[in-house]
Structure formats: structure tokens, C-alpha cells
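The residues making up each chain are set out below.
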Amino acid sequence: MIRLVDICRTYDLGGNPVRALVDVTEEIASGEHLAIMGPSGSGKSTLLHVLGCLDRPDAGRYELDGRDVSALDDDALSLLRRHTIGFVFQSFHLVPRLTARENVELPMVFAGVPAAERRERAMAKLRAVGLEPRASHRPDQLSGGERQRVALARATVLEPKLLLADEPTGNLDGASGRHVLEILSRMNADGLTLVVVTHDPAVARRARRLIVLRDGHVVFRGSGEQIHEAVELLSTGDGEGDAAPAPGRP
Amino acid sequence: MTAGDVVGFAFRALRGHRLRTALSLLGVSIGVAAVITLTALGEGARRYVLAQFAAVGSNMVVVLPGRAETTGAMPGFGGTPRDLTLDDALAVARGVPGVDKAAPLVIGTETVAFGARRRQVAVAGSSHEMLEVRRLSVARGRFLPEQPWDRGAPVVVLGSKLAAELFPGAEPLGQVVRIGDWRMRVIGVTAPRGQQLGMDMDDVAIVPVATAMQMFDRSSLFRLLLQARSHHRLDTVKAATLKLLSERHGEEDVTVITQDAVLSAFDSILGALTRALGGLAAISLAVAGVGIMNVMLVSVSERTREIGLLKALGAGRRQVLAAFLAEAVLISSAGGVLGLALGFAAVQVLVAIFPALPASPPAWAVAAAFLMSVAVGAVFGVVPARRATRLDPVAALGGR
Ligand SMILES: Nc1ncnc2c1ncn2[C@@H]1O[C@H](COP(=O)(O)OP(=O)(O)OP(=O)(O)O)[C@@H](O)[C@H]1O
Ligand SMILES: [Mg+2]
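Definitions and limits used
- Residues numbered from 1 in each chain as written.
- Chains lettered and ligands numbered in written order.
- Predicted model: local features only at pLDDT ≥ 70, side-chain atom pairs only at ≥ 80, totals over all residues.
- Heavy atoms only, no water.
- Near = heavy atom within 4 Å.
- Polar contact = N/O pair within 3.5 Å; in protein donor to acceptor, adjacent residues only side chain to side chain.
- Areas by Shrake-Rupley, 256 points an atom, 1.4 Å probe, with all protein chains shown as cover.
- Helix = DSSP H or I, 4+ residues; strand = E, 2+ residues; numbered from the N terminus.
- Nonpolar A, V, L, I, M, F, W, Y, C, P; charged D, E, K, R; others polar.
- Contact = heavy atoms within 4.5 Å.
- Buried area = accessible area lost by both parts, 1.4 Å probe.
- Salt bridge = Lys/Arg side-chain N within 4 Å of Asp/Glu carboxyl O.
- Buried < 20%, exposed > 50% of the residue type's maximum accessible area, 1.4 Å probe, protein only.
- Domains from an automatic or database assignment.
- Pairing = 2+ DSSP bridges.
- Axes fitted to C-alpha atoms, helices over the stretch in contact; angles between N-to-C directions.

### Focus on the site of ligand 1
Then comes step 1: With respect to spatial proximity, 15 residues lie near ligand 1, and among them Ser40, Gly41, Lys44, Ser45 and Thr46 of chain A are the closest.
Then comes step 2: Around ligand 1 the close residues trace back to chains A and B.
Then comes step 3: In this structure, an oxygen atom belonging to ligand 1 sits 2.6 Å away from a side-chain N or O atom of lysine 44 of chain A.
Then comes step 4: Relative to its free-state accessible area of 630 Å², ligand 1 is covered by the protein chains to the extent of 82%.
Then comes step 5: Elements with a contribution of two residues or more to the shell around ligand 1: strand E1 (2–13), strand E2 (16–28) and helix H1 (44–51) of chain A.
Then comes step 6: With three residues, the top contributor of residues to the shell around ligand 1 is H1 of chain A.
Then comes step 7: Looking at side-chain class alone, the shell around ligand 1 contains five nonpolar, seven polar and three charged residues.

### Remarks on the interface of chain B and chain A
Then comes step 1: Chain B puts 25 residues into the contact, and the matching count from chain A is 25 residues.
Then comes step 2: Overall, the association of chain B and chain A removes approximately 2,300 Å² of surface from exposure, summing both partners, and the carbon and sulfur fraction of that is 56%.
Then comes step 3: Between chain B and chain A we count five salt bridges in total.
Then comes step 4: For arginine 118 of chain A, the salt bridge identified is with aspartate 5 of chain B, shortest N-O distance 2.9 Å.

### Quick word on the pattern of salt bridges
Residues and elements named next belong to chain A.
Then comes step 1: If you walk through the whole model with that rule in mind, you get 35 salt bridges over all chains.
Then comes step 2: We note a salt bridge from glutamate 105 to arginine 118, for which the minimum N-O separation is 3.3 Å. Here glutamate 105, found in helix H3 (residues 100–111), pairs with arginine 118, found in helix H4 (residues 115–128); they are 13 residues apart in sequence, far enough to count as distant.
Then comes step 3: The class of arginine 118 is buried, set by a relative accessible area of 7%.
Then comes step 4: For arginine 127, the salt bridge goes to glutamate 132, with nearest N and O atoms at 3.2 Å.
Then comes step 5: By relative accessible area, glutamate 132 is classed as partly exposed at 31%.
Then comes step 6: Each of Arg3, Arg61, Glu63 and Asp68 takes part in one network of salt bridges that share partners.

### Topic: the domain arrangement of chain B
Quite often, the size of an interface is put as the accessible area lost when its parts meet.
Then comes step 1: Looking at chain B, the domain boundaries give domain 1 (3–52 + 264–397) and domain 2 (82–252).
Then comes step 2: Once you take the C-alpha centre of each, domain 1 of chain B and domain 2 of chain B turn out to be 56 Å apart.

### Concerning the environment of arginine 67 of chain A
Residues and elements named next belong to chain A.
Then comes step 1: Within the secondary structure, arginine 67 is located in strand E5 (residues 67–68).
Then comes step 2: For arginine 67, a relative accessible area of 44% translates into the label partly exposed.
Then comes step 3: Separated by 64 residues in the primary sequence, arginine 67 and arginine 3 place their C-alpha atoms 9.7 Å from one another.
Then comes step 4: When sequence neighbours within four positions are dropped, the list of residues in contact with arginine 67 reads Tyr62, Leu72 and Leu80.

### Examining the sheet that holds strand E3 (residues 33–37) of chain A
All names here are of chain A.
Then comes step 1: Strand order in this open sheet of six strands is E6-E7-E8-E3-E9-E10, and the pairing throughout is mixed. Each having just a single partner strand, strand E6 (85–88) and strand E10 (217–223) make up the two edges of the open sheet. If you compare each strand with its neighbour and ignore which way they point, the axes differ by 20° on average.
Then comes step 2: In this sheet, strand E8 (residues 193–197) lies alongside strand E7 (residues 162–166) in parallel orientation, the contact comprising five bridges. Note that in E8 the partner of aspartate 166 across the bridge is valine 197.
Then comes step 3: Of the strands in this sheet, E3, strand E9 (209–214) and E10 touch helix H8 (residues 227–235), which is tilted by about 5° from E9.

Encoded structure:
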């Protein structure tokens, strides 16, 4: 489904180049569940943004569904984001003035789905994440876990093939976090390709596959069961590693 | 994304910032209301003047001695034009087809006295036809008698104000007043008429034209007033009069103007004034546009995260542009509607205060003011909306 070849992303910080991704080569199969770990600043979010076509790599090749993404123009990229990719963020990013249902409807608005159908499909998605009764609540009337479930419903309402989650449980307590993870696992079991960035070994463990980034390099590849090796690697880093659950930058 | 979706989204965004939305909306409505009110005033002035002309008689053709100089000097002044004689006037009255009534006019200033009361007024020498040509009416007695123009008579018709001044509470009819050295019998008093094209028709003494010419020692008429039989014959009457008098004088040395020409001159001057007022008021609309731009720029920078999110959810550039432009246009057109309401209300108040002024905004001003209010949002919304579309979604989402 996804093929990354020698992807590089360098930020220019006042003349100092910051190499957020260095020659990342990775394949992600359709229906896979991949966890990305790594210390803060190692390039996890940058990689996720590249995968989600929100950011363009400076070098390397990115194929999504057999298409060379770097050749696409802005309009084609927004179509890709709309129909093929879903995003979930640590801080939910719900539109505060819209109700839960209206938030879920947003991608369908951009896709030109008629209003009646939009409403129906949004309600179905909210039902799937257990939030149907909260459909007309605004985000400030919802708990963190509920907000993230609304975000999940929104990310998947147009039935994308790929779901990208950046610290989806980073702002949640244990129970809410587990609820969100269960929904994610269920969606993955239904065929959704899932890429989760996390600091939390308990989250990473659920993944079938696991990679660890450091300074923009992939320094570890393994299965979810090899989480202990990954954690060890992170804690024996050059003092920068933190495998502890999410100190979390917003 | 349908137009309804765009508007709905923009509307909800604006509802989240009621105060600043209301303030920038108010800016636009003041601009629109100013356009409506000021153009209504200009239009009111125009209509007022046109109504004045209509009261004088819209089929009027005026003949004056002297040629209208290309230098723009008033005809009849400067130089020594050949006389426009009573015989000329008679020839025109009899010989030009389409002339319904003709009235000669000589004007001078003289003191009119009755006993110890005296008053310096305009003395108009004319004929019986004056009554109809200048739309006068007689309150008491009668107007100048129907008699040949070249025959004078020691009679006078007083304007209502002059009569009231000379004969307070007394009967003027039959009394003899002195005009200069002349003793004249009062045969009539005109009904109040008010200012008519710069001449107070209530403060005049009207005498037979031949008498006035003797009184002021004139050989030439000041004007010859013609009333055409119908409005659409004005031009032929004008041409025939000019031709006849040119033949009589051997050269074209008179000026013939139709009421229409004067009217259209006033019309275009006052129309231009109205447009200028509208233009000045429109400047305030542009200022309101700057206000909208400012509010929208603030809104874009406050909502960078939201914009980043919309992009992550697959909003295209055009959709983001449309959403933010719609907000600006929504503010400005709502301001336009409110401004129209305010403007019309202000005009109502004006009309209530000055009933004589038929103030009413011209249709073009109403349409232009509203269209401009919409355009103001579209124009001044472009910069903020483009800023929104250019935001890097990653930076916007991260809020770095
Ligand atoms: N817009 C940017 N401008 C400059 N530098 C940036 C920008 N975005 C990211 N970086 C830098 O790129 C590197 C990788 O950042 P990234 O956000 O991918 O890290 P991360 O692994 O997600 O960290 P965290 O766990 O704290 O979220 C960091 O050194 C960061 O400072
Ligand atoms: Mg990150």
C-alpha cells in the first residue's frame, strides 16, 4: 500500500538545517498495524505528516496505492487526504463551534455529499464509536475520550484506507485511552491500515509491527511483541530517550 | 461543498464572534446608509427644481435679444444687441405656427407709492397673455385688459405681497398708486405665487407693456415669452421663431431657448451633484472594507489550527478560500441590508422634517450601494482568505 524510499525532510531553522527525516525507507502493507516510537524530536510526527500528504519530503520517493505522490499537485493531494487518508491528533482538533455530528460531517461537506446523506452517515459513525446520544453536543460538553472518539468517527467517515494517529491517547486517562485503542483495533481488523505514533509501550504493543526513530533514522524494526527490546533501546539512548508514557508535547 | 454549505459554515464562524462581526457590519451599513441618504437629498433637490420649472409651464419658449455668445456671456448683456421690438413680438405671435400664446416682457425697477407708503419693486410690462403663460392667477379684480400691445393704459395689477404692503387691511382695487411719476389705477391683485425662477412674483407691479416701455424709455423687450401648443412642438416653434426673426433683422441676432434646455442643464448639474454625493459616501464604504479586512485577518490568525485541520480533512484550496471569502461577503452584505434599512429610515425622517423636499434615493444609488457593499466584502476578503489558503497545514496544526 505504501512505499517510502530514501525519504528526507530537512527544516531550515535560521540557517541551521534540522534533519527531521534521513533516508527513511519503509513499506507498509495494506491492512497493517504499525507503531512508530522514538524520543521527542526524532521525526515521528514529521513522518506521519509526510505519509498523510500534509508535508512534502525534500528527497526520496513516496508511493501510495501505486501512485507517485510527489508528482501530484495541491488539488490532487487534498483529494487524497479527503478520500484515502484519515487523521487523528493528540489534541483532537475538533471545531469548537460545531456539534459532534457536524464535526463528523465536515469531510463529507468537502466531498460534496448531500446534507441528508451526510447526517445519516455521521450518525452511523457516531453510533459505531458509541456516541450517538452525544451527537448534538459541542466539544466543550464532551470528555477527552469522547472527543477523541468523535475525531475517530470524523477521520473514518469517508471510509479511508489509511488512518494516521499521532499520540491518539496522549491526552487521555487509562480507561478512555483503552476505549479509543479498542475502536482503533476493531477498525484495523476490518481492513483499515493503521499507523500510530506513540510514546506508550502499552499502545505500541498492540501493533503488529513496530519501528523506532532516532534523529530521523529508523533504528529498530520489529514486531509488537518485541516492544521490550524497543523500550530498552530507547532507555539506553544517549540520555535523550524517554520510553516513559508521554510527557507529550501538545 | 455547495454554496449553502459555504454560507452555513461562514455563518456559524461569524456567530462565534458576535461583537466584532456586528461592529464591522455596522461600518458597512453606515456607508450604505450614507449613500442612500445623501443621494436622496441630491435627488430631492433635483426634483424640487424640476417641479419649479413645471409650475412655470413646461411648454415655454423664451426669446431674448442678442446672440448667445460662444464666450458664455449672458445674452442680452454686453455689446449692444439689436432691439427685440413689439413689432417683432407681434410677428412671432401671428406668424409662427404652433405658438399658442405669446407675452412680451419688459422689466424695470421703480418705486410704487400709495400715500405715505412706498416700496421699491420690479415693474413688469406685459400683456393679458402673461396670465396664462406664467401660470398666474388673479385673487381680486382682473388682470391686464385684452388690448393691442402697442396701446398703453394707466392701470396696474399688484402682486399679493406688494398689495398687502401698500394697502394693509384696505381695499386696493380702484385706488390710484404712483409708479415713479406715473399715476396708475389698481385693477387687480394676483394670488400668491411665490418665488418663480429667481423672481418673487408676489412683489411685482404688472403694467401694460407699452406703458412700461415708455416709463423706462425702452425700445426693446427684455423677453418674449411663448407658449407652444404642445410639448413636442417646442423644437419646431424654436426653429421657426429664430428663422422669422433672423429674416426680419437680416441676421441671427436673437437667442431662443426652450424651457427644456434650461431644464436639462439644471437636471444634469443636480444629477452630477447627486452622483458626487454618492461617490463621497461610497468612500466610507471603502473604509468599512478595510475594517472587514482587519477583522478577517484577525480571524484567520486565530483559527490557524482550524484551517490546518480543514486541510488535513481534505479541504481544497478553493474550498478554504470560499469559506473565508463567504465570511467577509456575509458581513458586508448583511451590513448592506442593514444600511439600506437605516438609509430609508433616515430619508423618511428627512421627508418628515422637510416636507417640501421630495427626497428619495434614486434606484441606481440603491442598487449601487448594495452591490458595492457585497463587492467590498469580496474585495477586502481576498487578502485574508488567501492568507488562509496559503497556511502550511503542518505548522498550523502544530501551532508551533
Ligand atoms: N516546522 C518546523 N520547523 C523547524 N523545525 C521543525 C519543524 N517541525 C519539526 N521540526 C523539527 O524536526 C524534528 C522532528 O520533529 P517531529 O515533530 O517530527 O518530532 P516528534 O518525533 O514528533 O517529537 P514529539 O515526540 O515531541 O512529538 C525536531 O527536531 C523538530 O524540532
Ligand atoms: Mg510529534
